[in-house]
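# Results of the structural survey
Here is what each chain is made of, one letter per residue.
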Amino acid sequence: PVSSTLYGPRFLTGVVGGSVTHQCFYSITPANKHDRKYWCKRARNGVCYTIISTTGYVSKHHTGRVSLKDIPQNGTFMVTMTQLTRSDTGTYRCGIGTTNWDLYVSLNLTVSEGLGTPGLAELLHGELRGSVTVPCPPGDTHGGKRFWCKMGRTGCTLIADTDGYVGKSYEGRIFITPQESSGAFKVLINDLRKEDAGLYRCGTGRLGGQESPQVVALQVTAASTRPRRPKFLSGKVGGSLSLQCHYDPRGSYETKYLCRWKEASCSLLVDADGFVHESYEGRVRIASSNQENGTYTVVMSDLREDDAGWYWCGARSGHTEHTSSVKLHIQKGTCTSQNPETYTLVGPTLPASPAAYSTPTQRSATGTTYATGTTYATGTTYATGTVTKGTSTRLPAAPPSTFMTSRSDIYHESSSGESHLLPVLVSALVLLIFIAIAILVLTKIKLQKEMGQERSAMGHVEAMPVQAGLSPAKEQMMEETMSPDKANGCKTDSSKCRWVFSETGAANVVDCLGRRVRTSFKQR
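Calculation rules
- Residues numbered from 1 in each chain as written.
- Predicted model: local features only at pLDDT ≥ 70, side-chain atom pairs only at ≥ 80, totals over all residues.
- Heavy atoms only, no water.
- Helix = DSSP H or I, 4+ residues; strand = E, 2+ residues; numbered from the N terminus.
- Buried < 20%, exposed > 50% of the residue type's maximum accessible area, 1.4 Å probe, protein only.
- Contact = heavy atoms within 4.5 Å.
- Disulfide = S-S within 2.5 Å.

In the nomenclature of an unreviewed UniProt entry, the protein chain is known as Polymeric immunoglobulin receptor of Anseranas semipalmata.

## What about the environment of Thr 98?
Checked against the element boundaries, Thr 98 lands in the loop between strand 8 (90-96) and strand 9 (103-112). Residue class for Thr 98 comes out exposed when judged on its relative accessible area of 64%. Considering only alpha carbons, one finds Thr 98 and Lys 37, 61 residues apart in sequence, at a separation of 8.4 Å. The residues contacting Thr 98, other than those within four sequence positions of it, are Asp 35 and Arg 36.

## Some remarks on the state of the cysteines
What we call a disulfide is simply a covalent bond connecting the sulfur atoms of a pair of cysteines. Across all of its chains, the model carries 6 disulfides by this definition. Sulfur-sulfur distance for the disulfide between Cys 40 and Cys 48 comes to 2.0 Å. Between Cys 40 and Cys 48, the S-S dihedral sits near 95 degrees, and the bridge is therefore right-handed. As far as the burial class goes, Cys 40 and Cys 48 line up, both buried. Covalently, Cys 149 is tied to Cys 156 through a disulfide, its sulfur atoms 2.0 Å apart. Handedness of the Cys 149-Cys 156 disulfide follows from its S-S torsion of about 90 degrees: it is right-handed. Each of the two residues, Cys 149 as well as Cys 156, counts as buried.

Following this line, the structure appears as structure tokens:
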């Protein structure tokens, strides 16, 4: 039942006769703002009996010593219990909904003698893909380990500490600052995500110790106006690049800087006050700053392989620092990146890959090739990058909307074209076969029909025999065609028969249809 839209401390302690205040944090949505909030205690039978709710109900056993305050604009409601007794120890729920089984968070309250009362959690708001600064109270000033952890059901999960540990999902985007003279320090986080919302602890010493009672509730506003931008930039050994860092021009900032991030710390490389780290003397500088547009440009030259890594742009305003991060890849030579969010470096030019969010523009001058690509690091400030390279042989550069085609791409396209034509050819061949079969069938039917007609005609008329030795004139007389009436007459009138003599002396009696009736031999 526990949801990321509702969270609060899991453990609460108090002293007999004292008071405790519990905070529940919820996402600021219309439903959460106006729905019922409640505080209940779970009994042994598993039922959670309401102690107080925003409907006005208060348990008679707690009348006069419990209160509930809802602050919808902050997404928070607080429950305060006073005059604590040992019987108040138990499991409680703070929740939202019409019943006590709706959205809720469970916690354990322990009431005993002599324990200190923990302070309230500090509520911080961050914008999606933005940055946040978390102030941590003074702690051990003798160089103790500083840490940042996220509270959960079973305890506090370590996210980062000053011994060099950084959780995988926080790589390149969390920085624990050095302690001030008072022992206080800050935790800086950028590229905020929805899953970053929750309860945290920051402090010094042991993770589970009581030296760090500070609890922070972080809420991440989902409705962000910040665009999603790539966080990677590529450069080449011996070349140069520029990072254009952006900040809110409406703010007032004491200084602007670039630092190199490593293991939850960030070493200052250059700032707007003129500082330059000794190992980067002559290789890094803030080239320009535009207060109206809220940008400043850092140029790095004579790039080396060991320059690869994470860099932070930062703008400090009082105790708040607005930061963003960008990861730099250094290439030895001509190569193609496999990461769709990084730039592709081909020779001295730096075209953007198709999946990049920026639009590169390319310019050429005598002996020099430039490839300008805009790379934004998400956060309150963000970075754009330009890579330059000295005199060299240039490969043909494609315009912004044109992409180079490799041999494998050409082969793939050719194969794809052939695969598209094959079904068409097969279909045409099958159609031709069907047409040929149909023609043969029709021809056969026609022939059978004609043969049937001939056979029908032969049923009425028999062909006249042609005797060998007959003269042409006699044969012509025998082959004359007679009408049906004459044929019928021949069948009934035998007087119409005639003699036909051949040269051999044979006498044939032939009827009017030319059929031989009898043969005899007579002398002429």
